[in-house]
Amino acid sequence: MKIMVVGGGGREHAIIKKIKENPNVTEIFALPGNGGIAQDATCVPVGAKDIEGIVAFAVKEKIDFAVVAPDDPLVLGAVDALEEKGIKCFGPRKNAAIIEGSKVFSKNLMKKYEIPTAQYEVFSDLEEALKYLVTAPIPTVIKADGLALGKGVIIAETREQAFDAVKSMMEDKVFGESGSTVVIEEFLTGPEVSVLAFTDGDVVVPMVSSMDHKRALDGDKGLNTGGMGTIAPNPCYTEEIAEVCMGTIFLPTIHAMNAEGRKFKGCLYFGLMLTPKGPKVIEYNCRFGDPETQVVLPLLKTDLLTVMQAVADEKLRETTVEFEDKSACCVILASSGYPGKYEGGYEITVGEMDGEVYFAGAKINEEGKLVNAGGRVAGVTATAETLEKAIEKAYKAVENVKFANAYCRKDIGQKALAAIREG
Ligand code: AMP
Ligand code: GLY
């Protein structure tokens, strides 16, 4: 079977490594992939947002199955365009990807179907947004409606910050047109949990839960990043909470999407907050999370391609999806300075290690050497019987991935270990 994976980050590398385990797979193409992914797939220089290019390549190569991993091509309708040419896909169609593509859509969906989430108001008029903020409870959360590379969320601790945030989004357009409409919502508190789930629009199969570490520096300090590390499972997410989430969030969301004529097939990502009033949805993503995928897929026992095909064929009900009863930790190696300015072009070497390396911002230079070429360069994942051991193993493995300006957080998983200790 010929497989095509759209995307070029650590998440895509983890998906590719897992798909490769299927003996029927003869070739995997990554569009565009990256210099590190090139060790496991044929990289093709077609950008993830180039829908025409993606479809043309898939038709020319007679691709048997396509996985569209990032949000942009999904929201742009890559799956619709591929399916039109008869190519089977894993991923939601455009009319379902809107669950991530528009925060106004997802908030209104949750309100209509009584799915627990933060209370909110929507504004397309700057003056009205500013007027509302005069009496809104503080802190408050301001979100750009559209995709903003995961950066369109500002938590305002003071009223002044709230005014500045809406002005920056609606007037200065710091997130482009995606900030023309904003959602202003209630500030929630509690541990955060990421739950990725396979769904074919009929059944929902949650994967092991995970915890992201979004800030750049130890102790959750510094700027927000794309994610500096993850652990799975998330100890705050107990079996009782999982049951509540299935009944109040996961199934109602699938049913709501069906009722709206927007059947969701693929991986639905639930960003949850376990508030004192129960689990609530912070955000939906229409795809696998990055770097959550790098800890969740290494624990998947069932063949990934088989599950993805079952989702595409709407036969997930007949498929048993199993995870190992172990823990995983992924430590992200970034270029020092990220998410601000950083330097690239330093050679990356990987020594013998007990772990998996998933490459993101890495490329092959003119001399044929693998060098850093992005903010987040590689994710190193280890699995073990306990979370404590997985963390220890991941940090030992990270020492064997070297480049001149490598930086990583030293405390990935510590918050989870503290939660376990506190019971
Ligand atoms: P997002 O880009 O939607 O994942 O949001 C980024 C981060 O902002 C989340 O991971 C949360 O930590 C935080 N956040 C988003 N919405 C809220 C909210 N209503 N209350 C508190 N924190 C929030
Ligand atoms: N790790 C969060 C995301 O993938 O959006």
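For the structure itself, consult the block above.
Each chain has its residues counted from 1, following the order in which its sequence is written. Both sets of labels track the order of writing: A upward for chains, 1 upward for ligands. Residue-level local features of this predicted model are given only where pLDDT is at least 70; pairs of side-chain atoms are given and counted only at 80 or more, and the full residue set underlies all totals for whole chains, interfaces and linings. Neither water nor hydrogens contribute to the side-chain values; these are computed over all heavy atoms in the structure.

Novice: Whenever I open this one, a negative patch on the surface confuses me. Can you help?
Specialist: Patches here are clusters of residues that have more than 30% relative accessible area and form no salt bridge, with a 9 Å joining cutoff for like charges and a 5 Å cutoff for nonpolar side chains (Val, Leu, Ile, Met, Phe, Trp, Tyr). A 1.4 Å probe and the Shrake-Rupley method give the accessible areas. Residues count as covered only by the protein chains that appear here. Here a salt bridge means any side-chain nitrogen of Lys or Arg lying within 4 Å of a carboxyl oxygen belonging to Asp or Glu. In this tally, Lys and Arg are treated as positive and Asp and Glu as negative; His is ignored, and so are the chain termini. Charged side chains are reduced to one point each, which is NZ for Lys, CZ for Arg, CG for Asp and CD for Glu. Among the surface-exposed residues, Asp125, Glu127, Glu128, Glu171 and Asp172 lie close enough to one another that they form a single negatively charged patch. Counting through the fold element by element, Asp172 comes out in the loop between helix H8 (159-170) and strand S9 (182-186). Helix numbers and strand numbers start at the N terminus; a helix is a DSSP run of H or I with at least 4 residues, a strand a run of E with at least 2.

Novice: Please clarify how the pairing of strand S2 (residues 27-32) should be interpreted in this entry.
Specialist: As a general feature of sheets, a regular strand has side chains that alternate between the two faces. The pairing criterion for strands is at least two bridges between them, as found by DSSP. Two elements, strand S1 (residues 2-7) and S2, share six bridges in a ladder whose sense is parallel. By the bridge assignment for S2, Met4 is matched with Phe29. For the handedness criterion, the β-α-β arrangement of S1, helix H1 (residues 10-19) and S2 is classed as right-handed. By convention a crossover is right-handed if, when the strands point away from the viewer, the path from the first strand over the helix to the second runs clockwise.

Novice: Can you help me understand the site of ligand 1 in this one?
Specialist: Nearness of a residue to a molecule or strand requires only that one of the residue's heavy atoms be within 4 Å of it. Close contacts around ligand 1 come from 16 residues, with Glu185, Glu186, Leu188, Glu192 and Glu283 the closest. Lys143 places a side-chain nitrogen or oxygen 3.1 Å from a nitrogen atom of ligand 1. Pairs of N or O atoms are called polar contacts if they sit within 3.5 Å, as long as, within protein, a hydrogen donor faces a hydrogen acceptor (for residues adjacent in sequence, only side-chain-to-side-chain pairs). Here an oxygen atom of ligand 1 sits 2.8 Å away from a polar atom, N or O, in the side chain of Glu283. Protein coverage of the free-state accessible area of ligand 1, which is 480 Å², stands at 91%. Put simply, the parts of the chain that give the shell around ligand 1 at least two residues each are strand S7 (140-144), strand S8 (153-156), S9 and strand S17 (278-285).

Novice: Looking at this structure, how should I read the sheet that holds strand S5 (residues 88-90)?
Specialist: Either a parallel or an antiparallel arrangement is found when strands of a sheet pair, and the pairing is made through backbone hydrogen bonds. The five strands are arranged S3-S2-S1-S4-S5 in an open sheet whose pairing can be described as parallel. Sheet topology places strand S3 (42-43) and S5 at the edges, where each strand pairs with a single neighbour. For S2 and S3, the ladder comprises two bridges, and the chain directions are parallel. Residue pairing for S3: Ala30 is matched across the bridge by Cys43. When checking whether two residues touch, look at their non-hydrogen atoms; a contact exists if any pair is within 4.5 Å. Lines fitted to C-alpha atoms define the axes, with helix axes restricted to the stretch in contact, and inter-axis angles between N-to-C directions lie between 0 and 180 degrees. Along the sheet, helix H2 (residues 51-60) contacts S1 and S2; its crossing angle with S1, the most-contacted strand, is approximately 170 degrees. Together, S1, strand S4 (65-68) and S5 form the strand contacts of helix H11 (residues 304-312), whose direction differs from that of S4 by roughly 90 degrees.

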